[in-house]
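The primary structure of each chain is shown beneath.
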Amino acid sequence: MGTSPRQKKIREERGLMFSPGRPSIAWRQDRVRFWEAIAAGAKTREAAVAAGVSEPVAHRWFKHAGGVNPRLAPTTSGRYLSSAEREDIALWRAQQVGVRDIAKRLGRSPSTISRELRRNASTRTYRLEYKASTAQWHAERRAKRPKTAKMVTHHQLRQYVQDKLSGEILTADGEIVGPVGPVWGGKNKPHRGDREWVTGWSPQQIAQRLRLDFPEDESMRISHEAIYQALYVEGRGGLERKQSWHLRRGRAKRTPRARTRQQAWAHVTEETVLNKRPAEVEDRKIAGHWEGDLIIGLKRSAVATLIERTTRYAMLVHLPRQTGYGMIRPTKNGPALAGYGALTMKDALARSITPLPEQLRRSLTWDRGKELSAHALLTRETGLPVYFADAKSPWQRGSNEHLNGLLRQYFPKGTDLSRWNADEIAAIATALNNRPRGILGWRTPAEAFADQLRSVQQQTVATIG
């Protein structure tokens with residue numbers, strides 16, 4: 001059977017085509033599951049597990065999309081062959097199965113299979129070698145209906161958006177002012193570093209202002225969402241990715257809405273919420289229940305504060321800088337060198353709590369700060385159960401809030417707390433513990449706590465005897 005001129009032309013064009021590489025839709029179901037997990041608020045690592053792909057692949061998908069969900073359809077239309085069907089066709093074709101048999105097995109028309117074998121064969125040879133991956137690439141290439149973004153073709157609109165978003169800051173004399181920004185590395189705005197000074201209008205401000213500046217020109221219209229996508233999606237809309245630094249938050253990738261609605265207290269488990277705390281804590285009749293928090297000073301310095309609810313006895317925990325602070329540049333998810341990282345905090349609290357008798361370390365109620373995210377290890381090492389107050393509810397730790405207010409007499413806000421060593425901080429705690437308190441009948445917390453220690457010792461002797 002001869003080859004028609006039309007078929008010869010198709011083969012010639014097919015031979016000249018570049019290699020398609022890996023088809024992007026071949027793993028459509030994986031990507032759909034990935035973006036469904038992202039939309040539900042999952043982190044990229046968790047979404048990778050849901051999609052059944054490796055973490056680097058998932059991070060690459062998220063990065064290339066700029067954090068913008070491409071909204072892939074969950075399945076391909078039944079009208080078109082799927083990637084799985086093309087794999088079956090390639091397998092059966094290699095086994096010399098006829099076109100009609102393949103059509104019968106797939107429940108398709110023989111003409112559909114014949115056309116598939118003719119149109120979507122190999123791009124690298126003149127022979128019609130059918131490969132599933134290449135066929136999928138052909139189908140995807142034909143299915144594309146590219147729509148050029150408005151800002152790509154509309155120069156005036158693109159220039160207006162760039163001027164309002166990334167325009168230079170000028171003095172009254174027309175001189176450009178501001179620091180030179182860092183080199184774009186594809187990451188979020190620099191941490192503790194200079195950012196360029198720009199006009200910095202938000203996309204919503206730009207989109208709404210267009211209606212006032214160009215009331216008669218309907219072509220000068222664009223939605224704020226289109227501006228966001230032009231910034232975050234590679235090669236879309238005529239804006240450079242690095243201009244995302246000029247947004248308020250300076251994020252290089254978009255944060256899914258479900259993530260923003262999530263609370264940042266993953267370390268607060270169901271067993272550590274406040275309503276799981278023993279009821280005996282409320283009436284303050286039994287000693288050994290503590291409240292705690294941090295007071296923060298300049299340059300990320302801090303001191304941990306503990307107060308016993310019954311006696312109002314206070315302990316201040318020294319949190320010195322870690323080795324390398326000020327020399328090692330802070331990095332995201334890097335070592336916590338300021339002195340109150342999770343493990344450092346756990347160790348410091350354990351050293352302060354462990355010397356107390358077991359009867360005087362019954363519970364600890366803390367704020368929801370992440371400095372105590374290693375609370376499970378603290379409980380395991382000291383036997384001190386930890387409970388977290390509700391969000392934005394300082395009255396649930398009223399004694400500790402009062403203590404922190406008193407401490408500001410010695411450690412005002414805006415001062416560097418790392419100047420003081422452990423002995424100096426302990427001296428302040430001693431001074432506070434020796435102030436008479438009206439709630440204690442004008443006895444001091446030190447006297448009330450000493451009574452509790454004696455009571456515990458007597459109980460221990462009586463038990464042993």
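Our structure's up above, just so we're on the same page.
Throughout what follows, the structure given in this document is the object of discussion. (Residues numbered from 1 in each chain as written. Predicted model: local features only at pLDDT ≥ 70, side-chain atom pairs only at ≥ 80, totals over all residues. Heavy atoms only, no water.)

Per the secondary structure count, the protein includes 18 helices and 5 strands. Taken across its 465 residues, the protein has 40% of its residues classed as buried. Summarising the internal contacts of the protein: among those between residues at least 6 apart in sequence, 62% fall at separations of at least 24. Summed over all atoms, the accessible surface of the protein reaches about 27500 Å², with 51% contributed by carbon and sulfur. (Helix = DSSP H or I, 4+ residues; strand = E, 2+ residues; numbered from the N terminus. Buried < 20%, exposed > 50% of the residue type's maximum accessible area, 1.4 Å probe, protein only. Contact = heavy atoms within 4.5 Å. Areas by Shrake-Rupley, 256 points an atom, 1.4 Å probe, with all protein chains shown as cover.)

A grouping of Arg115, Arg118, Arg119, Arg141 and Arg142 is seen on the molecular surface, where their side chains present a positively charged patch. For the positive patch, the elements supplying multiple residues, two or more each, are helix 7 (110–119) and helix 8 (132–143). Per-element accounting of the positive patch gives the leading share, 3 residues, to helix 7. Residue placement: arginine 141 occurs in helix 8. (Patch = residues over 30% accessible without salt bridge, like charges linked within 9 Å, V, L, I, M, F, W, Y side chains within 5 Å. Salt bridge = Lys/Arg side-chain N within 4 Å of Asp/Glu carboxyl O. Lys, Arg positive; Asp, Glu negative; His and termini not counted. Charge placed at Lys NZ, Arg CZ, Asp CG, Glu CD.)

Attention now goes to the side chain of serine 393. For serine 393, the location among the structural elements is in the loop between strand 5 (386–388) and helix 16 (398–407). A polar contact of 3.0 Å, which involves the side chain of serine 393, links it to the backbone oxygen of alanine 391. (Polar contact = N/O pair within 3.5 Å; in protein donor to acceptor, adjacent residues only side chain to side chain.)

A separate point is the packing of helix 5 (residues 83–94) against helix 7. Where helix 5 contacts helix 7, the axes come no closer than 12 Å and their chain directions differ by 80°. As far as their axial angle goes, helix 7 and helix 5 are roughly perpendicular. Contacts between helix 5 and helix 7 involve Arg86, Ile89 and Arg93 from the former and Ile113, Glu116 and Leu117 from the latter. A class-by-class count of the residues in the contact of helix 5 with helix 7 yields 3 nonpolar, no polar and 3 charged. (Axes fitted to C-alpha atoms, helices over the stretch in contact; angles between N-to-C directions. Parallel < 35°, antiparallel > 145°, perpendicular 65-115°, else oblique. Nonpolar A, V, L, I, M, F, W, Y, C, P; charged D, E, K, R; others polar.)

The next subject is the nonpolar core. Judged by nonpolar contacts, the single largest core of 29 residues is most densely connected at Leu306, Leu319, Met345, Leu349, Leu364, Trp366 and Leu372. A total of 5 residues in this core trace back to one element, the largest contributor, which is helix 14 (residues 342–353). Core analysis: the next-biggest nonpolar cluster, separate from the first, contains 18 residues, Tyr160, Met220, Ile222 and Leu247 among them. (Core = buried A, V, L, I, M, F, W, Y, C linked by side-chain atoms within 4.5 Å.)

The subject of this paragraph is helix 5. Taking 1.5 Å of rise per residue, 12 residues should cover 16 Å, and helix 5 covers 17 Å from first to last C-alpha, within 8% of that figure. Looking only at helix 5, the buried set comprises Ser83, Glu85, Arg86, Ile89, Ala90 and Trp92. On its buried face, helix 5 sits against helix 6 (99–106), helix 7 and helix 8. Just past helix 5, the residue glutamine 96 takes up positive phi, approximately 65°. (Expected span 1.5 Å × (residues − 1).)

Of note in the backbone geometry, arginine 284 takes a positive phi value of approximately 65° without being a glycine. Residue placement: arginine 284 occurs in the loop between helix 13 (257–261) and strand 1 (289–296). Assessed through its relative accessible area of 23%, arginine 284 is described here as partly exposed. Although it is not a glycine, lysine 392 sits at a positive phi angle of roughly 55°.

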